[in-house]
Amino acid sequence: DAGVTQSPTHLIKTRGQQVTLRCSPKSGHDTVSWYQQALGQGPQFIFQYYEEEERQRGNFPDRFSGHQFPNYSSELNVNALLLGDSALYLCASSSPKTGRETQYFGPGTRLLVL
Amino acid sequence: AQRVTQPEKLLSVFKGAPVELKCNYSYSGSPELFWYVQYSRQRLQLLLRHISRESIKGFTADLNKGETSFHLKKPFAQEEDSAMYYCALSPLHNAGNMLTFGGGTRLMVKP
């Protein structure tokens, strides 16, 4: 099991563009959470998907949206990119079957907005 | 709303010295507290959580509800403990188990 995988590893965009980041959860996991980690800060919760629905959302604008597919993989979309969206985007997966609280993180996608 | 504060950005100690990484939180309900660690060039991983009350790699942490703290301790630091440490909180009775992280503390253990 490769664990949680994310693609791409790095991405460069310009202001106003749109970006899509992808995440495949750890085998057997059905819940995917997304976090934004700005340089020098801790991860900040964006939203969580379970059963293809957004179950919970942090304090992020509607420019941030997501999707979960039947195979539990997930996408994070960010529209109208701002310079401040430059960050490491982390995906984490979990499953109620293995313990509600244990989230396994992927390596992240580093987004740079110019 | 919940908040997690790690007052020290950097903690530097010598090998064999005791280590205490501080974590304070604010949350009106019942929290679950975690410590996550990120070693160089590795992904963020769970170190321990207060509910399991276990010791991992010699680290322990006790939830002090009176002081709203969850400090991470180790009696004798090792060089391989050098890493970034994040304290995190999750509302205990929330099905979504979203994590609120502190800003992190970089631990450097010198030989």
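The structure reproduced in this document is the subject of the present report.

Reading the values: rules and limits
- Counting of residues starts from 1 at the beginning of each chain's written sequence and follows it residue by residue.
- All chains are assigned letters beginning with A, and all ligands numbers beginning with 1, in the order in which they are written.
- It should be noted that, the model being predicted, local features are given only for residues of pLDDT at least 70 and side-chain atom pairs only at 80 or more, the latter also being counted only at that level, while totals for whole chains, interfaces and linings use all residues.
- The side-chain values count all of the structure's non-hydrogen atoms but skip hydrogen atoms and water molecules.
- A pair of sulfur atoms, both from cysteines and within 2.5 Å, is called a disulfide here.
- The helix count covers DSSP runs of H or I at least four residues long, the strand count covers runs of E at least two residues long, and both are numbered beginning at the N terminus.
- Each residue's exposure class comes from its accessible area (1.4 Å probe, protein chains only) as a fraction of the maximum for that residue type: buried when under 20%, exposed when over 50%, partly exposed otherwise.
- Should DSSP find at least two bridges between two strands, the strands are regarded as paired.
- For every element, the axis is a line fit to its C-alpha atoms; helices are fit only across the contacting stretch, and the angle between N-to-C directions ranges from 0 to 180 degrees.

## Some points on the state of the cysteines
Using the criterion set out here, one finds two disulfides over all chains in the structure. The residue that forms a disulfide with Cys-23 of chain A is Cys-91 of chain A, at a sulfur-sulfur distance of 1.8 Å. Handedness of the Cys-23 of chain A-Cys-91 of chain A disulfide follows from its S-S torsion of about -60°: it is left-handed. Of the two residues, Cys-23 of chain A is situated in strand β3 (residues 19-24) and Cys-91 of chain A in strand β9 (residues 87-94); the sequence distance between them amounts to 68 residues. Accessibility expressed as a relative area gives 2% for Cys-23 of chain A, which makes it buried. For Cys-23 of chain B, the disulfide goes to Cys-87 of chain B, at an S-S distance of 2.0 Å. On the sign convention where negative is left-handed, the bridge of Cys-23 of chain B and Cys-87 of chain B, at about -65° about the S-S bond, is left-handed. Note that Cys-23 of chain B is positioned in the loop between β3 (19-21) and β4 (24-26) and Cys-87 of chain B in strand β9 (residues 83-91), a separation of 64 residues in sequence. Of the two residues examined, Cys-23 of chain B and Cys-87 of chain B, each falls in the buried class.

## Overview of the sheet that holds strand β8 (residues 74-78) of chain A
In a beta sheet, neighbouring strands are held together by backbone hydrogen bonds and run either parallel or antiparallel to one another. Residues and elements named next belong to chain A. The four strands are arranged β1-β3-β8-β7 in an open sheet whose pairing can be described as antiparallel. Unpaired on one side and paired on the other, β1 (5-7) and β7 (64-68) mark the two borders of the sheet. Each strand of the sheet is rotated relative to its neighbour by a mean of 20°, with strand direction disregarded. Two strands pair when backbone bridges link them, and β3 and β8 are joined in this way by five bridges, in the antiparallel orientation. Residue Leu-21 lies in a different strand from β8, and its bridge partner there is Leu-76.

## As for unusual backbone geometry
In this chain, Ser-7 of chain A is followed by Pro-8 of chain A through a cis amide linkage whose omega measures -10°. Note on placement: Pro-8 of chain A falls in the loop between β1 and β2 (10-13). In this structure, Arg-41 of chain B is a non-glycine residue whose phi angle is positive, near 65°. Following the sequence through the fold, Arg-41 of chain B ends up in the loop between β5 (31-38) and β6 (45-49). Using a relative accessible area of 84% as the deciding quantity, one classes Arg-41 of chain B as exposed. Even without being a glycine, Lys-57 of chain B presents a positive backbone phi close to 55°. If you trace the backbone, Lys-57 of chain B turns up in the loop between β6 and β7 (60-61).

## Examining the pairing of strand β11 (residues 109-113) of chain A
Residues and elements named next belong to chain A. Alternating residues of β11 divide into Thr-109, Leu-111 and Val-113, all buried, and Arg-110 and Leu-112, none buried. Bridging between β2 and β11 involves four bridges; their strand directions are parallel. The residue of β11 that forms the bridge with Lys-13 is Val-113. Of the pairings in the sheet, the one linking β9 to β11 comprises three bridges and is antiparallel in character. Paired with Ala-87 across the strands is Leu-111, a residue of β11.

## So, the sheet that holds strand β8 (residues 72-74) of chain B
Residue and element names in this part refer to chain B. With respect to topology, three strands assemble into an open sheet ordered β3-β8-β7, the strand pairing being antiparallel. Two strands lie at the open edges of the sheet, namely β3 and β7, each paired on one side alone. Across two bridges, β7 lies against β8 in antiparallel orientation. Among the inter-strand pairings, Thr-60 is bridged to a residue of β8, identified as Lys-73.

All quantities given are derived from atomic positions and should not be read as evidence of function.
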